[in-house]
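# Survey of secondary and tertiary structure
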Amino acid sequence: MKGERPEKSLVINCGSSSLKYSFYDTNDESRNARGSIERIGLDGTRLKHHGPKGELKRDLPRSDFTQAFKAMTAELTGKETGVIGGAGEVSVVAHRMVHGGEKFTEGTLITDEILAEMEKLNSLAPLHNPVMLAGIREMRRLYPAVPHVAVFDTAFHHTLPAYAFLYAIPHELYEKKAVRRYGFHGSSHNYIALRAAQFLKRRPNELRLVSCHLGNGSSLCAVDHGRSIDTSMGFTPLEGLIMGTRCGDVDAGVIGFLERDGLTSAQIDEMLNKKSGLLGLSGVSSDMREVLTAADQGNRRALVALKAFCYRVRKYIGAYVASLGGLDAVIFTGGIGQGSAVVRALALQGLDCMGIALDEKRNGEASGDEVTRISTDDSKVAVIVVPTDEERMMAREALRTLSRSYITRVLEAQKQQSFLVEVSAHHIHLTQEHVEALFGQGHQLTKHANLSQPGQYACKEQLAIVGPKGRIDRVRILGPARKYTQVEIAMTEQFKLGIHPPIRESGDIADTPGCTLESPTGSVPIDRGVICALRHVHMSPEDALRYGVRDKSFVRVRVSGHRELVFGDVLVRVDPNFKLAMHIDTDEANAANIGAKGAQGFIDGIQSEGSMN
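In this text the structure is predicted, and so the values were computed from the model without any measurement.

So, about the overall build of the protein chain. For the protein chain, the count of helices and strands is 19 helices and 29 strands. Relative to the globule expectation of 25 Å for 613 residues, the C-alpha radius of gyration of the protein chain, 26 Å, shows essentially globular dimensions. For the C-alpha atoms alone, the extent of the protein chain along its principal axes is close to 85 × 60 × 50 Å. For the protein chain, with 613 residues in total, the buried portion stands at 51%.

Neighbouring strands of a sheet are bound in pairs by backbone hydrogen bonds; such pairs are parallel or else antiparallel. A barrel is described by the order of its strands in space; here six strands give the closed sequence S15-S28-S25-S27-S26-S29, paired in mixed fashion. Across the sheet, the mean angle from the axis of one strand to that of its neighbour is 40°, orientation sign disregarded. In this structure, strand S15 (residues 419-423) lies alongside strand S28 (residues 581-584), joined through four bridges in parallel fashion. The partner of Val423 across the bridge, within S28, is Ile584.

We now examine the nonpolar core. Side chains that are nonpolar tend, in soluble globular proteins, to be buried together. Counting residues in each nonpolar core, the largest one holds 39 residues, and the members touching the most others are Leu214, Leu220, Met288, Phe309, Ile317 and Val330. Listed by contribution, the elements that provide at least two residues to this core are strand S9 (208-213), strand S10 (219-224), helix H10 (288-296), helix H11 (300-324), strand S12 (329-333), helix H13 (341-348) and strand S14 (382-385). For this core, the element with the most residues is H11, which contributes 11 residues. In contact with Leu214, not counting residues within four places along its chain, are Leu220, Leu241, Phe309, Val313, Phe332, Thr333, Gly334, Gly335, Ile336, Gly337 and Val343. Membership of the second largest hydrophobic core comes to 24 residues, among which are Tyr21, Ala71, Met72 and Met139.

Let us look at the sheet that holds strand S5 (residues 54-59). Strand order in this open sheet of eight strands is S5-S4-S3-S2-S1-S6-S8-S7, and the pairing throughout is mixed. Among the strands making up the open sheet, the edge pair consists of S5 and strand S7 (108-109). Two strands pair when backbone bridges link them, and strand S1 (residues 8-14) and strand S2 (residues 19-25) are joined in this way by seven bridges, in the antiparallel orientation. Bridging from a neighbouring strand, Ile12 pairs with Tyr21 of S2. Across the sheet, helix H3 (residues 129-142) touches S1, strand S6 (92-97) and strand S8 (148-152), and the angle it forms with S6 is around 165°.

Another point: H11. Taking 1.5 Å as the rise per residue, H11 with 25 residues should run 36 Å; its terminal C-alpha atoms sit 36 Å apart, in good agreement. Among the residues of H11, the N-terminal cap falls to Asn299, whose side-chain oxygen and the backbone nitrogen of Arg301 are separated by 3.1 Å. Looking one or two residues beyond H11, the residue adopting positive phi is Gly325, at roughly 75°.

Aromatic ring pairs are reported here in terms of the distance separating the ring centres and the angle at which the planes meet. Within this structure, the stated rule accounts for six aromatic pairs. Aromatic pair Tyr316 and Tyr320: ring centres 5.7 Å apart, planes at 65°, arrangement edge-to-face. In this pair, Tyr316 and Tyr320 both sit in helix H11, four residues apart, roughly one turn of the helix. Tyr320 matches Tyr316 in its accessibility class, with the two residues each being buried. Directly above the ring of Phe165 sits Arg180, whose terminal nitrogen or CZ lies 3.7 Å from the centroid. One residue, Arg180, lies across the ring of Tyr182, its end atom 4.8 Å from the ring centre.

Let's shift gears to the pairing of S6. Among the six residues of S6, five are classified as buried, and the element is accordingly described as predominantly covered. By the bridge criterion, four bridges tie S1 to S6 in an arrangement that is parallel. Across the sheet, the residue bridging to Leu10 is Val93, located in S6. Note: S6 against S8, five bridges, orientation parallel. Note on S8: the bridge partner recorded for His95 is Ala150.

Packing of H10 against H11 brings their axes to within 8 Å, and their N-to-C directions diverge by 125°. Looking at the two axes, H10 sits oblique to H11. The crossing of H10 and H11 is left-handed. Contacts between H10 and H11 pair Met288, Val291, Leu292, Ala294 and Ala295 from the former with Ala302, Leu303, Ala305, Leu306 and Phe309 from the latter. Tallied by class, the residues present in the contact of H10 with H11 amount to 10 nonpolar, no polar and no charged.

Let us now look at the state of the cysteines. Applying the stated criterion across every chain yields a total of zero disulfides. Left unpaired, Cys212 is separated from the closest cysteine sulfur, that of Cys221, by 10.0 Å. Relative accessible area serves as the criterion here: at 0%, Cys212 is assigned to the buried category.

Turning our eyes to something else, we now look at the pattern of salt bridges. Counted by the stated rule, this structure contains 33 salt bridges. For the salt bridge of Asp377 with Arg362, the shortest nitrogen-to-oxygen distance reads 2.7 Å. With a gap of 15 residues between them, Asp377 in the loop between strand S13 (372-373) and S14 and Arg362 in helix H14 (residues 360-365) connect regions that are remote in the sequence. Across the pair Arg535 and Glu588 runs a salt bridge, and its minimum N-O distance is 2.9 Å. Note that Arg535 is positioned in the loop between strand S24 (530-533) and strand S25 (536-539) and Glu588 in helix H19 (residues 586-591), a separation of 53 residues in sequence. When salt bridges that share partners are traced, they join Arg181, Asp230 and Glu239 into one network.

The next point concerns the environment of Arg504. Note on placement: Arg504 falls in strand S21 (residues 503-504). Between the C-alpha atom of Arg504 and that of Arg535, which follows or precedes it by 31 residues, the distance is 9.2 Å. In this structure, Arg504 is in contact with Asp224, His225, Ile509, Ala510, Thr512, Ile531, Cys532, Ala533 and Leu534, ignoring residues within four places of it in sequence.

Further remarks concern the pairing of strand S4 (residues 46-51). Side chains Leu47, His49 and Gly51 of S4 all project onto a buried face; the interleaved residues Arg46, Lys48 and His50 project onto a face where none is buried. Bridging between strand S3 (residues 33-38) and S4 involves five bridges; their strand directions are antiparallel. In the sheet register, Gly35 faces S4, and the bridge partner there is His49. Relative to S5, S4 runs antiparallel, the two sharing six bridges. Counterpart to Gly51 in the pairing with S5 is Gly54. Between S4 and the antiparallel strand that follows it, S5, lie two residues.

Mapped onto the secondary structure, Gly78 falls in the loop between helix H1 (65-77) and S6. Linking Gly78 and Asp377, residues 299 residues apart in sequence, is a C-alpha distance of 49 Å.

Conventions and cut-offs
- Residues numbered from 1 in each chain as written.
- Predicted model: local features only at pLDDT ≥ 70, side-chain atom pairs only at ≥ 80, totals over all residues.
- Heavy atoms only, no water.
- Helix = DSSP H or I, 4+ residues; strand = E, 2+ residues; numbered from the N terminus.
- Rg over C-alpha atoms; globule rule 2.2 N^0.38 Å.
- Buried < 20%, exposed > 50% of the residue type's maximum accessible area, 1.4 Å probe, protein only.
- Pairing = 2+ DSSP bridges.
- Axes fitted to C-alpha atoms, helices over the stretch in contact; angles between N-to-C directions.
- Core = buried A, V, L, I, M, F, W, Y, C linked by side-chain atoms within 4.5 Å.
- Contact = heavy atoms within 4.5 Å.
- Expected span 1.5 Å × (residues − 1).
- Polar contact = N/O pair within 3.5 Å; in protein donor to acceptor, adjacent residues only side chain to side chain.
- Phe/Tyr/Trp six-rings, centres within 6.5 Å; stacked < 30°, edge-to-face > 60°.
- Lys NZ or Arg CZ within 6 Å of the ring centre and 35° of its normal.
- Parallel < 35°, antiparallel > 145°, perpendicular 65-115°, else oblique.
- Left-handed = near helix turned anticlockwise from the far one by under 90°.
- Nonpolar A, V, L, I, M, F, W, Y, C, P; charged D, E, K, R; others polar.
- Disulfide = S-S within 2.5 Å.
- Salt bridge = Lys/Arg side-chain N within 4 Å of Asp/Glu carboxyl O.

See below:
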């Protein structure tokens, strides 16, 4: 967690009657502090604070959030507990927001205009967002000279494809009411995916992970090469796994049945959110520790509740292995995920067929306080316990947002500088071995026309791509020959072929589907290599410096024309041999009405920073 300079970040998480806060000093992490104030607005208000000099607990008079924030500041600046001299030392304040809808897909600097936009999302999270917005307003009043950043629980899941986030209900409900699956726990899933990659000494963008955040609220997430592609929570945090008091997946017909039986929608909502889950099944408690104790004592309902909870986790893990097309690691976090060896063992029971082999001794000894591998040494899939740190992830995102704001100012100054947006139709890259297998021994690819990128050209040779369902004829080969064979198609073409390629950066072909390539004189089956390419911008280092971006950054690009369109998730690729140009596939070009001559693009904003290497 580093910024462009030493930073002091304050993370705020407001509940209906609680305040949690964390302080991070990037220059000296021994000065970090955290605390909470419970029962705000009620009798028995109590503060807990943990800093460099230890932990303290303090009773407070009954107060509102204004007084709670002042009490927090008093501890952060106090003689005995203080870590800062005053509010002016804080570099940035990060605020947790549960719901960002489709608009907020990254940490966002808060302005009056942004607050107004965030208010429009209150109906999507009526129990959380209004309280958090009230906290933001109060903190902005108390810390007026400090930049404030909103970090959204839903943001990590903005990469879910439409087929994963849409419900099979009338489409106008999505278009007009934004009814879709959003997913939550995003900061936690993002953090433990990065932490697991660090532990495994692998890059996040080369791993397939299933992240299990198990606590009073629980969710699973399928993370493919650093991107969330599916998650168990949906339109609200009610969908998916069995939770402390939430039901998780339930037949929608139950709602109508209960209404016909006399319950109101408010009563049903309260029952499904506050009286179901472990509590409803066991009749004992919403706390897994108490359910485990009751199950050990022979309580039948508690035992069924435990088995149902673990079965639902196991079922989702299996589904996500199918979604990912394989698996590198399963990660457990959250109060239950970190704290219960029994739950972890039951959730993974019978998954040896997927290459998951749990080490019982390691699992039993894992405290959950540090990153621990609990799978056997020869397990094909690593199983890791990772203590989550959502607040640290929020602080990290706040620093990244500050950095993005600087880059945005650079982009604002450069926004009139356009570049060519080209249509990259389906095409094939071949190894020399496959060139000769398809066209004859010693054959060399024949140049047809130069491409915009130096040294690359379209070839006279063409092939047919053959899948289980159909074929695409006369597909151009691009030269020169490469170290690997890769086939790039548009999303709509996957149905014609009968395969389902992932969206990947060119060259990232691990665990991708294959096809058969046919020439007039031969054919070659490939077991992998078919992708839908991430839309991307080629830049030289000089171009990147001028725009203030790095290799592997993601930006938004506005494409001018009769149907002006802004494309998000555009990957920046930097190389000394590149010439400035953006490539999109034919589906995307059709959406923007871009012809063969291309169009002009302008960088409209930055979504995430890339590598500093």
